[in-house]
There are 2 protein chains.
Amino acid sequence: MDNFEFFNDTRIIFGRGAEDRIGALTARYSKSILWVYGGSSIKRTGQYDRVAASLKAAGVGYTELPGVMPNPRLSLVYEGIRLCREKDIGFVLAVGGGSAIDTAKAIAIGAVYDGDVWDFFEEKTEPVKTLPVGTILTIPAAGSESSTSSVITKEEGQIKRPINYTLLYPKFSILDPELAFTLPKYQMACGATDILSHLMERYFTNSSDVELSDRLIESTFKTVMHNLPTVLEKPDDYSAWAEIMWSGTVAHNDLFSSGRECDWGSHAIEHQLSALYDVAHGAGLAVITPAWMKYVYRHDVGRFAQFANRVWNIDVDFFHPEKTALEGIARLEHFLHSIGLTTSLRELTGDDTRLEEMADRCTDGDSSTVGKFIPLHRQDVLAVYRLAL
Amino acid sequence: MDNFEFFNDTRIIFGRGAEDRIGALTARYSKSILWVYGGSSIKRTGQYDRVAASLKAAGVGYTELPGVMPNPRLSLVYEGIRLCREKDIGFVLAVGGGSAIDTAKAIAIGAVYDGDVWDFFEEKTEPVKTLPVGTILTIPAAGSESSTSSVITKEEGQIKRPINYTLLYPKFSILDPELAFTLPKYQMACGATDILSHLMERYFTNSSDVELSDRLIESTFKTVMHNLPTVLEKPDDYSAWAEIMWSGTVAHNDLFSSGRECDWGSHAIEHQLSALYDVAHGAGLAVITPAWMKYVYRHDVGRFAQFANRVWNIDVDFFHPEKTALEGIARLEHFLHSIGLTTSLRELTGDDTRLEEMADRCTDGDSSTVGKFIPLHRQDVLAVYRLAL
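Parameters and conventions
- Residues numbered from 1 in each chain as written.
- Chains lettered and ligands numbered in written order.
- Predicted model: local features only at pLDDT ≥ 70, side-chain atom pairs only at ≥ 80, totals over all residues.
- Heavy atoms only, no water.
- Contact = heavy atoms within 4.5 Å.
- Buried area = accessible area lost by both parts, 1.4 Å probe.
- Salt bridge = Lys/Arg side-chain N within 4 Å of Asp/Glu carboxyl O.
- Least-squares fit on C-alpha atoms with pLDDT ≥ 70 in both.
- 1 Å grid on protein atoms, 1.4 Å probe; cavity = no way out; pocket = protein on both sides within 12 Å on 5 of 7 lines; lining within 4 Å.
- Points joined across faces, edges and corners; volume = space filled by probe spheres on them.
- Helix = DSSP H or I, 4+ residues; strand = E, 2+ residues; numbered from the N terminus.
- Disulfide = S-S within 2.5 Å.
- Pairing = 2+ DSSP bridges.
- Axes fitted to C-alpha atoms, helices over the stretch in contact; angles between N-to-C directions.
- Expected span 1.5 Å × (residues − 1).
- Bend = angle between axes of the 7 residues up to and from the residue.
- Core = buried A, V, L, I, M, F, W, Y, C linked by side-chain atoms within 4.5 Å.
- Buried < 20%, exposed > 50% of the residue type's maximum accessible area, 1.4 Å probe, protein only.

### Focus: the interface of chain A and chain B
Here is step 1: Every contact between the two is made by 39 residues of chain A and, on the other side, 39 residues of chain B.
Here is step 2: Between chain A and chain B lies a buried interface of about 3,600 Å² when both sides are counted; carbon and sulfur atoms form 55% of it.
Here is step 3: The interface formed by chain A and chain B holds four salt bridges in total.
Here is step 4: We note a salt bridge from A:Glu5 to B:Arg11, for which the minimum N-O separation is 3.5 Å.

Shown next as structure tokens:
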């Protein structure tokens, strides 16, 4: 086990109707807030009215910033920062999935920073303060409700970049599984795949002696896998959603990274797909992850065999462990197909002409590598894209 | 899954030599601290000198409060509170196991309270503020390094009582697995049993649809079970200690209680043993837990069969699931014997004459019940003691 620090001070409020507490929770921080959300879905479902009523009852005044889209854009972050300054905002509330929350986080650090918020994403400097952020989660997927991450896309050049700081932990996050009932099935599948990816990015590690976190990751993986078919069949199954939603938070709240190197190669390789083609991040991960696995599994056949055995209950072939490893990867592919996702890049994007360009972008023209399990150079990334075709 | 709130803001600093950072970490809170520890062991191992050097280097002045004993005493808490007030102390540091940490927590809330700190343990009132507490953990067991708990024994009447408040989370805890190398084997076994008990108190629940936390608990249980024989054989096995130490924290940091009712009956029944006979808490739990299981397993044979199957890899007898359940309990007993603990109350205490008295004390003379899985009345508690003989 590697040395580590673990700290996470997000307060989780979980359960039916928890969003009605939003006014009282928010009022502790500010009576003047920015409310970030996406499109019409929260109005259609009545969530908008419930949140507004709770805020009003608590005497919290809000400025609205709707219009968050998947792969959230820098321009909207700038707009939010402008509003925060103009209206003397003291708190940023996100209602939505990872895109709304990531936007809120970027606004919150940008509003109290003198320079351009994109500086943080270009690693020119680090944020030292932030407005407090709170969330009401509606899509179990990104884990941003209790994570250090924000991922924003700069439209100019279609550049998608992540940042990670403990400063970005939301002060609180409200998780009501009922809010996921109305998601389109494709979004359910993409969200769950993002959760599984967060687990696999942590699982495939070069750190040795990480038994506890291995097992915790496997447990969470199995729980998501077990409950996803249920909600696809019966979208109002509260118990199954509760398992998936809580798994999504636990998968990315950093507890399972403790003491182990994590990879994040598949995420970096996927980000080029969603940046160029604006596909759903989870859909891109379904394409990239199995291809990445096929490219790297020989680096640690034992770990891939363990994954196959413990997660997929595949009997270990002790005489040919690589067969076990490959069977685990095949089962993952089969599972992704069963939930309605493709594992073909060509099928997802309708294009196969920009692989070289994506490999360049992913590695800054072969000047850097991605991933830790095996650091991948430009030609490796290209090979992964080709395996994913 | 039940509705829940989860919040834990203890910062964990984990790894070899982490205790050398104690001065810098403490200095953020106060330059005048109370340092709580047990006996001579930290002097013998050189930890005392290392901590003192780090504190001095950071300009932190300390008042020492040695003399913490297992089943920590209220009188020492009073002494600590007196010192805090007399010396204008701003921070309480515990170096040790659960007893030192629980003592530090009780001092920290008592020092800023006008009344008698025992009021909190008698539930006369709740603490609303505390001095900040930090810890260097030397015994993986109680989980107090990242828990809401403090358990103190009032000598007058030999009354052992727990309190639980989020205010009691330490600000930081330093976990260096090397500090456990020098523990006596009996203490290793008792500590691990306490960890397993924290997992089982959470596992045996009436809450339904708790798949994720079931699996996380099983994972942690298996990890402790797998690594304990290693450290008993080879006490300086860093990797095995790292698994056990981190498991001990995770088992009791409240993540695994999220969304489920927990029992705590065995703890309450055991507390009478350690209060009257001053036996190690873990040793008492080894006696009480299997007896409790035999008394209650019919209440949910399926859950006990799941425990047997998933934790002990016992094939499920679908035609006689109660056999599977009982086999799981037998395997737990066998494991406890294999690590050098007795499961016989008579053997542990050398006495069998105070069962009625303990059952009375446990249930306030049959005016209250203990545990949630099945609320146990006086006669039930007595039956558990008898099963444990």
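### Description of the relation of the copies chain A and chain B
Two copies of a chain can be linked by a rotation about an axis combined with a shift along that same axis.
Here is step 1: Each copy of the sequence occupies a distinct position, and chain A is placed on chain B by a rotation of 180 degrees and an axial shift of 0.0 Å, giving an RMSD of 0.0 Å. The superposition operator between the copies reduces to a two-fold rotation axis. Closest approach to the rotation axis among the C-alpha atoms of chain A is made by A:Asp9, whose C-alpha sits 2.3 Å away.
Here is step 2: Of the residues that chain A buries at the interface, 100% are likewise interface residues in chain B, meaning the two copies contact each other through the same surface.

### Observations regarding empty space enclosed by the protein
Here is step 1: A full pass over the atoms with the stated rule returns four cavities of 30 Å³ or more.
Here is step 2: By volume, the largest cavity is sized at about 170 Å³.
Here is step 3: What lines the largest cavity is a set of 19 residues, and nearest its centre among them are A:Phe6, A:Asn8, A:Asn253, B:Phe6 and B:Asn8.
Here is step 4: For the lining of the largest cavity, the secondary-structure elements that each account for two or more residues are α9 (238-250) of chain A together with α9 (238-250) of chain B.

### What about the state of the cysteines?
Here is step 1: Taken as a whole and assessed by the stated rule, the structure comprises zero disulfides over all chains.
Here is step 2: In this structure B:Cys190 is not part of a disulfide, and its nearest cysteine sulfur, from B:Cys362, lies 20 Å away.

### Structural notes on the pairing of strand β8 (residues 159-164) of chain A
Here is step 1: Bridge analysis of strand β7 (residues 149-154) of chain A against β8(A) gives six bridges, and the strand direction is antiparallel. When the sheet's bridge partners are listed, A:Lys154 is paired in β8(A) with A:Ile159.

### A word on the sheet that holds strand β6 (residues 133-137) of chain A
Here is step 1: Pairing within the open sheet is mixed, and its seven strands lie in the order β4(A)-β3(A)-β5(A)-β6(A)-β9(A)-β2(A)-β1(B). The sheet is open, and its two edges are formed by β4 (61-65) of chain A together with β1 (4-6) of chain B, each paired on a single side. Adjacent strand axes in the sheet meet at a mean angle of 15 degrees when their direction is disregarded.
Here is step 2: Of the strand pairs in this sheet, strand β5 (residues 91-96) of chain A and β6(A) are connected by five bridges, and their pairing is parallel. Note on β6(A): the bridge partner recorded for A:Val92 is A:Val133.
Here is step 3: The strands touched by helix α3 (residues 47-57) of chain A are β3 (32-37), β4, β5 and β6 of chain A; relative to β3(A), the strand with the most contacts, the crossing angle is about 170 degrees.
Here is step 4: α9(A) contacts β2 (11-14), β6 and β9 (172-175) of chain A together with β1 of chain B of the sheet and is inclined by roughly 170 degrees relative to β2(A).

### A look at helix α8 (residues 211-233) of chain A
Here is step 1: In this model, α8(A) (23 residues) spans 34 Å end to end at C-alpha, consistent with the 33 Å of a helix rising 1.5 Å per residue.
Here is step 2: Of all the bends in α8(A), the greatest, near 25 degrees, is centred on A:Asn227, and the proline A:Pro229 appears no more than four residues after it.

### Details of the sheet that holds strand β6 (residues 133-137) of chain B
Here is step 1: If you trace the seven strands from one edge of the open sheet to the other, you get β1(A)-β2(B)-β9(B)-β6(B)-β5(B)-β3(B)-β4(B), paired in mixed fashion. The outermost strands of the open sheet, each flanked by one partner alone, are β1 (4-6) of chain A together with β4 (61-65) of chain B. The mean inter-strand angle of the sheet, taken between neighbouring strand axes irrespective of direction, is 15 degrees.
Here is step 2: The strands touched by helix α3 (residues 47-57) of chain B are β3 (32-37), β4, β5 (91-96) and β6 of chain B; relative to β3(B), the strand with the most contacts, the crossing angle is about 170 degrees.

### What about the nonpolar core?
The nonpolar side chains of soluble globular proteins are, as a tendency, buried together.
Here is step 1: If you look at the biggest cluster of nonpolar residues, it comprises 227 residues, and the most contacted ones within it are A:Trp246 and B:Trp246.
Here is step 2: Excluding its chain neighbours within four sequence positions, the residues that come into contact with A:Trp246 are A:Ile12, A:Phe14, A:Leu175, B:Met1, B:Phe4, B:Phe6, B:Leu212, B:Leu255 and B:Ser258.
Here is step 3: Listed in part, the 21 residues of the second largest apolar core include A:Ala18, A:Ile33, A:Tyr37 and A:Val95.

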